[in-house]
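# Descriptive analysis of the structure
Spelled out from the first residue to the last, the chains are:
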Amino acid sequence: MATKQAAILVLADGTCYRGYAFGASGTAIGEVVFNTGMTGYQEVMTDPSYRGQIVTFTCPELGNTGVTPEDDESDRPQVRGVIARNITALPSNWRSRQSLPDYLKAHNVVGIAGIDTRALTRKLRSLGAMNGGISTEILDPEVLLAKVKAAPSMQGQNLAQAASTDRIYEWADKTIPEWEFTEPSQLTGEAMTVVAIDFGVKRNILRRLASYGCRVIVVPADTPAEKILSYNPDGIFLSNGPGDPAAVTQGIETAKALLAADKPMFGICLGHQILGLSMGGDTFKLKFGHRGLNQPAQNQAENADRRVEITSQNHGFALTGESFEASPAILTHINLNDRTVAGLEHKTLPIFSVQYHPEASPGPHDADYLFERFVNSMREHKNNSKQVAA
Ligand SMILES: N[C@@H](CCC(=O)O)C(=O)O
């Protein structure tokens, strides 16, 4: 058996963990966060919301099912580095095209395995997410620590523009029929035109919009409101994305301008935070964030019977509940783990958003109904506008 190449992980508080390298050789510095999902490592690694972060997986073994291009949530892995307990020696799945280490190597992403990821996670839970570095070339912890300390904090970083598309395009791919889980009758009806503002969008969000019959026009993060409205959309979608929402100042200004346009709007994760900020809310950095597939979000609406959705989440910031007291929005969902804001809606306009990922790739499908709700609100709004015009 080949000898394992040594690698180290150093956290900003000076803790050093020793393990072995997998994936690319080199050094990666970023915010160290943990994801508790037991499946979906490829979708997590390619989710643009993880840009700039080194992700620790609490799942004890990664790589078992290899990697397949159909499961990419963007065109490449977006994580800066990967921390694992163990990497499988023999990937096995009929869809697998490449092993996880080879995939990460091909995309120059550094990984470290052999780490007690549960102990590391407990540390991040008690001290909070912090910057760290993994390296296969700098094996002196003090030298790596100096680099970690020189790295900027995630707070204040606008990463959405870099994660966005640089061209406008139409998205048509739907969820493939063998994986569709929604009744076909719910997926039919007049097609609605949606402009999706890409702050670092996951492909499965676009796929779900297309599956619900939307014509989806994807535009870059810095697209002005006038350009968005020039497509005469039936609705506007604000995507997920990386970094600090408060730093996405242009996106917040665009959302403010769109509020005045009287169009249905739907925001997911960063898009939800941007909508909240545009309606007078504030955001703050969570201690260690929510990243996993079993986050309970409770629907506060009377008619929803306080239903709890088990949701897929990935965020390090959240809206401050108290900041909505004088806002035109109300809180519709809360995260039951820490009672932070998990959903919003405008009091009078057809605008709503959630902090979690209803497209759930990976994750449970409890919240898929939100895409249907968006489509229904666009249809209703269009019919009402036609009646007013008549
Ligand atoms: N970057 C934001 C949003 C994440 C997302 O959109 O997935 C956060 O960490 O809170």
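Residues numbered from 1 in each chain as written. Predicted model: local features only at pLDDT ≥ 70, side-chain atom pairs only at ≥ 80, totals over all residues. Heavy atoms only, no water.

An unreviewed UniProt entry lists the protein under the name Carbamoyl phosphate synthase small chain, from Pseudanabaena galeata UHCC 0370. Quoted verbatim from the Sequence similarities (unreviewed entry) field of UniProt, the annotation for the protein is "Belongs to the CarA family." Database annotation for the protein, UniProt heading Subunit (unreviewed entry): "Composed of two chains; the small (or glutamine) chain promotes the hydrolysis of glutamine to ammonia, which is used by the large (or ammonia) chain to synthesize carbamoyl phosphate. Tetramer of heterodimers (alpha,beta)4." (UniProt positions renumbered as here; feature names shortened; annotations may be inferred.)

Tallied over the entire structure, the rule returns 6 aromatic pairs. Ring centres 5.4 Å apart and planes at 50 degrees place the aromatic pair Phe-266 and Phe-374 in the tilted group. Of this pair, Phe-266 sits in strand β14 (residues 265-268) while Phe-374 is found in helix α10 (residues 369-389), placing the two residues 108 residues apart along the sequence. Judged by its relative accessible area of 0%, Phe-266 falls in the buried class. For Phe-374, a relative accessible area of 0% gives the class buried. Through a chain of ring-to-ring contacts, three or more aromatic side chains come together here, namely Tyr-212, Phe-237, Phe-266, Phe-352, Phe-371 and Phe-374. (Phe/Tyr/Trp six-rings, centres within 6.5 Å; stacked < 30°, edge-to-face > 60°. Helix = DSSP H or I, 4+ residues; strand = E, 2+ residues; numbered from the N terminus. Buried < 20%, exposed > 50% of the residue type's maximum accessible area, 1.4 Å probe, protein only.)

The strands making up a sheet are joined through hydrogen bonds of the backbone, oriented either antiparallel or parallel. Ordered in space as β1-β2-β8-β6-β4-β3-β9, the 7 strands form a closed barrel in which the pairing is mixed. Strand-to-strand twist of the sheet, defined as the mean angle between neighbouring strand axes without regard to direction, takes the value 35 degrees. Bridge analysis of strand β2 (residues 16-23) against strand β8 (residues 110-113) gives 4 bridges, and the strand direction is antiparallel. Looking across to β8, one finds that Tyr-20 is bridged to Ala-113. Against the sheet, helix α4 (residues 141-150) touches β1 (6-11), β2, β3 (27-35) and β9 (130-135), its axis set at about 50 degrees to β1. (Pairing = 2+ DSSP bridges. Axes fitted to C-alpha atoms, helices over the stretch in contact; angles between N-to-C directions. Contact = heavy atoms within 4.5 Å.)

A few words on the site of the ligand. Of all residues adjacent to the ligand, which total 13 residues, the nearest are Ser-49, Gly-241, Gly-243, Leu-270 and Gly-316. Take Gln-273: an N or O atom from its side chain is 3.0 Å from an oxygen atom of the ligand. Backbone polar atom of Phe-317 to an oxygen atom of the ligand: 2.8 Å apart, as the coordinates give it. Relative to its free-state accessible area of 290 Å², the ligand is covered by the protein chains to the extent of 97%. With respect to the detected pockets, the ligand is housed in the largest cavity. Those elements that provide at least two residues to the shell around the ligand are α9 (270-278) and β16 (308-319). The element that contributes the greatest number of residues to the shell around the ligand is β16, accounting for 4 residues. For the shell around the ligand, the residue count by class is 4 nonpolar, 9 polar and no charged. (Near = heavy atom within 4 Å. Polar contact = N/O pair within 3.5 Å; in protein donor to acceptor, adjacent residues only side chain to side chain. Areas by Shrake-Rupley, 256 points an atom, 1.4 Å probe, with all protein chains shown as cover. 1 Å grid on protein atoms, 1.4 Å probe; cavity = no way out; pocket = protein on both sides within 12 Å on 5 of 7 lines; lining within 4 Å. Sits in = over half its atoms within 2 Å of the grid points. Nonpolar A, V, L, I, M, F, W, Y, C, P; charged D, E, K, R; others polar.)

The UniProt record marks residues 5-135 with the feature "domain: Carbamoyl-phosphate synthase small subunit N-terminal" (unreviewed entry), using the residue numbering of this structure. Split by type, residues 5-135 is 18% helix and 34% strand. Its first and last C-alpha atoms lie 11 Å apart.

Bringing the UniProt feature "binding site: L-glutamine" (unreviewed entry) in the protein into the picture now. In the numbering used here, UniProt assigns the "binding site: L-glutamine" (unreviewed entry) feature to Ser-49, Gly-241, Gly-243, Leu-270, Gln-273, Asn-314, Gly-316 and Phe-317. The greatest C-alpha distance among the residues just named is 13.0 Å, despite their covering 269 residues of sequence, which places them together in space. As for the lining of the largest cavity, the annotated residues named previously contribute Ser-49, Gly-241, Gly-243, Leu-270, Gln-273, Asn-314, Gly-316 and Phe-317. Its location among the elements puts Ser-49 in the loop between α1 (41-45) and β4 (53-57). A residue is classified by how much of its surface remains accessible, and Ser-49, at 7% relative accessible area, is buried. When sequence neighbours within four positions are dropped, the list of residues in contact with Ser-49 reads Gly-200, Asn-240, Gly-241, Pro-242, Asn-314 and His-357. Topologically, Asn-314 is positioned in strand β16. A polar contact is formed between the side chain of Asn-314 and the side chain of Asp-47, at a distance of 3.1 Å.

Moving on: empty space enclosed by the protein. Tallying each qualifying case throughout the model produces 2 cavities of 30 Å³ or more. Approximately 120 Å³ is the volume attributed to the largest cavity. If you trace the largest cavity, you find 15 residues lining it, with Ser-49, Gly-241, Gly-243, His-315 and Gly-316 closest to the centre. Elements with a minimum of two residues in the lining of the largest cavity: α9 and β16. The element contributing the most residues to the lining of the largest cavity is β16, with 4 residues. Tallied by class, residues from the lining of the largest cavity come to 5 nonpolar, 8 polar and 2 charged. Computed from the structure, the second largest cavity encloses a volume of approximately 70 Å³. Taken together, Asn-35, Val-44, Asp-47, Tyr-50, Lys-202, Gly-292, Leu-293, Ser-312, Gln-313, Asn-314, His-357 and Pro-362 form the lining of the second largest cavity. Elements supplying a minimum of two residues to the lining of the second largest cavity: β15 (283-299) and β16. Considered class by class, the residues forming the lining of the second largest cavity number 4 nonpolar, 6 polar and 2 charged. (Points joined across faces, edges and corners; volume = space filled by probe spheres on them.)

Further remarks concern the environment of Gly-156. Among the secondary structure elements, Gly-156 is positioned in the loop between α4 and α5 (160-163). Put simply, Gly-156 and Ala-247 are 91 residues apart on the chain and 5.5 Å apart in space, counted from C-alpha to C-alpha. Apart from residues lying up to four places away in sequence, Gly-156 is in contact with Asp-244 and Ala-247.

Between helix α8 (residues 249-259) and α9, the shortest axis-to-axis distance is 8 Å and the interhelical angle comes to 65 degrees. In terms of orientation, α8 lies roughly perpendicular with respect to α9. The handedness of the crossing between α8 and α9 comes out as right-handed. Between α8 and α9, the residues in contact are Gly-251, Ile-252, Ala-255, Lys-256 and Leu-259 and Ile-274, Leu-277 and Ser-278, respectively. Residues of the contact of α8 with α9, tallied by class, amount to 5 nonpolar, 2 polar and 1 charged. (Parallel < 35°, antiparallel > 145°, perpendicular 65-115°, else oblique. Left-handed = near helix turned anticlockwise from the far one by under 90°.)

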